[in-house]
Amino acid sequence: MLVHLNGQLLPAHEARVSPFDRGFLFGDGVYEGLRAFSGHVRAGAMHVERFREGLAASGIEFDAESLLPMTEELLAADGKPDAFVYWQITRGTPVEGQPRRSRLPTGRMPATVFGFATAMPTLSAYTVPPTCRLARVPDLRWHRGTIKSISLHGNILAALEASRLGATETVMIRDGLVAEACASNVILAIQNGTGGTRLVTPSLESVSILAGVTRRLILDLDPTIEVRPVREHELDDASEVILVGTNSMVTSGVELDGRPVGDGTPGPEARRLLALLVEATRREMGDAGEPRAGEVVVPVGGGLVAGAC
């Protein structure tokens, strides 16, 4: 496995980062996750935009425009055309004469840039939404959720609590409002009075949550989705709880707090949104989105969830 570290491609076992790096000591950095299909990065410009905003909000000096060239270089070198690519940019390691553990960074230091790719299924495998079991947990994280910070201790604690409750994912609640899952945005399908279904998703301003790229793509594909504060009680009224993220695409929450959601299987809205997303991705990729000759397609929707916003 090759990794990208400060401009170099090298085997993972040779990668070295200083123990004084501010990412290690403080969690002082941002990250970005991208999804590639057949070597093509989906919604690359949106990822660059979010990456730039996170760097600026964190006061970390790094050229966001280098994100896609670095990603393409890593994918080609590591031989993984279908992959999830993780990048972590920390403020860096203090240089000689700078204090090692000052909370207030003093002077300039070169950012630490690290990335790696994990092999993922091809686009053709996304035929049925994967499923997960959800647990409702309090959102005890910090209030700057719009920054894709590497300080994910709050998310880890939420995931541990969900596991203790027998679930595989969370729906986090803050002040009576639905926030997000550990690694995905949330969309609810709610039956209206006329027998139809409406989709709702929390607005970014209602609870400080991440502006997921997949969330944005789906909102562009289906402008009928309501974007507003979502009350906790609406979870109990939902016929479907849908999670969307860069890595997992579209996932169905088939259980909430130990009780089935809907009939306990991926619902029609989750299936529809996944089909919309797959087709839009295929259009974006052009010929690269078509199944390759001799390709054996193993459907993703077998209960496995790999999430990331």
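Each value, and the rule that gives it
- Residues numbered from 1 in each chain as written.
- Predicted model: local features only at pLDDT ≥ 70, side-chain atom pairs only at ≥ 80, totals over all residues.
- Heavy atoms only, no water.
- Disulfide = S-S within 2.5 Å.
- Buried < 20%, exposed > 50% of the residue type's maximum accessible area, 1.4 Å probe, protein only.
- Phe/Tyr/Trp six-rings, centres within 6.5 Å; stacked < 30°, edge-to-face > 60°.
- Helix = DSSP H or I, 4+ residues; strand = E, 2+ residues; numbered from the N terminus.
- pLDDT = per-residue confidence, 0-100.
- Contact = heavy atoms within 4.5 Å.
- 1 Å grid on protein atoms, 1.4 Å probe; cavity = no way out; pocket = protein on both sides within 12 Å on 5 of 7 lines; lining within 4 Å.
- Points joined across faces, edges and corners; volume = space filled by probe spheres on them.
- Nonpolar A, V, L, I, M, F, W, Y, C, P; charged D, E, K, R; others polar.
- Patch = residues over 30% accessible without salt bridge, like charges linked within 9 Å, V, L, I, M, F, W, Y side chains within 5 Å.
- Areas by Shrake-Rupley, 256 points an atom, 1.4 Å probe, with all protein chains shown as cover.
- Salt bridge = Lys/Arg side-chain N within 4 Å of Asp/Glu carboxyl O.
- Polar contact = N/O pair within 3.5 Å; in protein donor to acceptor, adjacent residues only side chain to side chain.
- Pairing = 2+ DSSP bridges.

This model, assessed by the stated rule, comprises 0 disulfides. Not part of a disulfide, C132 finds its nearest cysteine sulfur in C182, a span of 11 Å. On the basis of relative accessible area, C132 is assigned to the buried category, the value being 3%.

Glancing now at the packing of aromatic side chains. Going through the model one piece at a time under the given rule, you end up with 5 aromatic pairs. Taking 6.2 Å as the distance between ring centres and 85° as the angle between the ring planes, the aromatic pair formed by F37 and Y126 counts as edge-to-face. Taken together, the residues F37 in strand β3 (residues 29-37) and Y126 in the loop between β6 (112-119) and β7 (131-138) connect sequence positions 89 residues apart. The residues F37 and Y126 share a single accessibility class, namely buried. Measuring from centroid to centroid gives 5.6 Å for Y86 and F116, while their planes differ by 40°, and the two rings are tilted.

What follows deals with the confidence of the model for the protein. Chain-level statistics for the protein give a pLDDT mean of 93 and a share of 93% at 70 or above. Here residues 303-309 is a poorly scored stretch, pLDDT under 50, and it has 25 contacts once near neighbours within four places are set aside; other chains count.

For the structure on display, the rule yields 3 cavities of 30 Å³ or more. Here the second largest cavity defines a volume of roughly 40 Å³. Every residue lining the second largest cavity is listed: S239, E240, V241, S252, G253, V254, V261, T265 and G267. Listed by contribution, the elements that provide at least two residues to the lining of the second largest cavity are β13 (238-245) and β14 (249-256). Looking at the lining of the second largest cavity residue by residue, the classes come out as 3 nonpolar, 5 polar and 1 charged.

Taken together, the side chains of L152, I156, L157 and L160 present a nonpolar region at the surface, about 360 Å² in accessible area. Turning to its location among the elements, L160 is positioned in helix α4 (residues 153-164). Under the relative-accessibility criterion, L160 is labelled exposed at 53%.

Before going further, it helps to examine the environment of G286. Summarising the element assignment, G286 is placed in the segment after α7 (268-285). Residues G286 and H40, 246 residues apart in the sequence, show an inter-C-alpha distance of 9.8 Å.

Looking at where K80 falls in the secondary structure, it is placed in the loop between α3 (67-78) and β5 (83-90). On the basis of relative accessible area, K80 is assigned to the buried category, the value being 19%. For K80, the side chain forms a polar contact with the side chain of D78, separated by 3.0 Å. Residues in contact with K80, not counting those within four places in the same chain, are M1, L75, A117 and A119.

Here G33 lies in strand β3. Sequence separation of G33 and M109 is 76 residues, and the distance between their C-alpha atoms is 24 Å. If we ignore the near neighbours within four places in the chain, the residues touching G33 are H47, R50, F84, V85, K148 and T246.

Moving on, we come to the pairing of β14. Counting buried residues in β14 gives 7 out of 8 residues, a clear majority hidden from the surface. Where β7 meets β14, 4 bridges bridge the pair, whose relative direction is parallel. Paired with L134 across the strands is L256, a residue of β14. By the bridge criterion, 5 bridges tie β13 to β14 in an arrangement that is antiparallel. Considered in β14, the bridge of L243 is made with T251. As consecutive antiparallel partners, β13 and β14 are separated by 3 residues. Inspection of the sheet shows β14 paired to strand β15 (residues 259-260) by 2 bridges, in the antiparallel sense.

As a further point, take the layout of surface pockets. Roughly 680 Å³ of volume is contained in the largest pocket. With 6 residues, the single largest contributor to the lining of the largest pocket is α4. In the lining of the largest pocket, the residues fall into 19 nonpolar, 10 polar and 5 charged. Here the second largest pocket defines a volume of roughly 270 Å³. Lining the second largest pocket are 14 residues, and of these R50, E53, T146, L204 and A211 lie nearest its centre.

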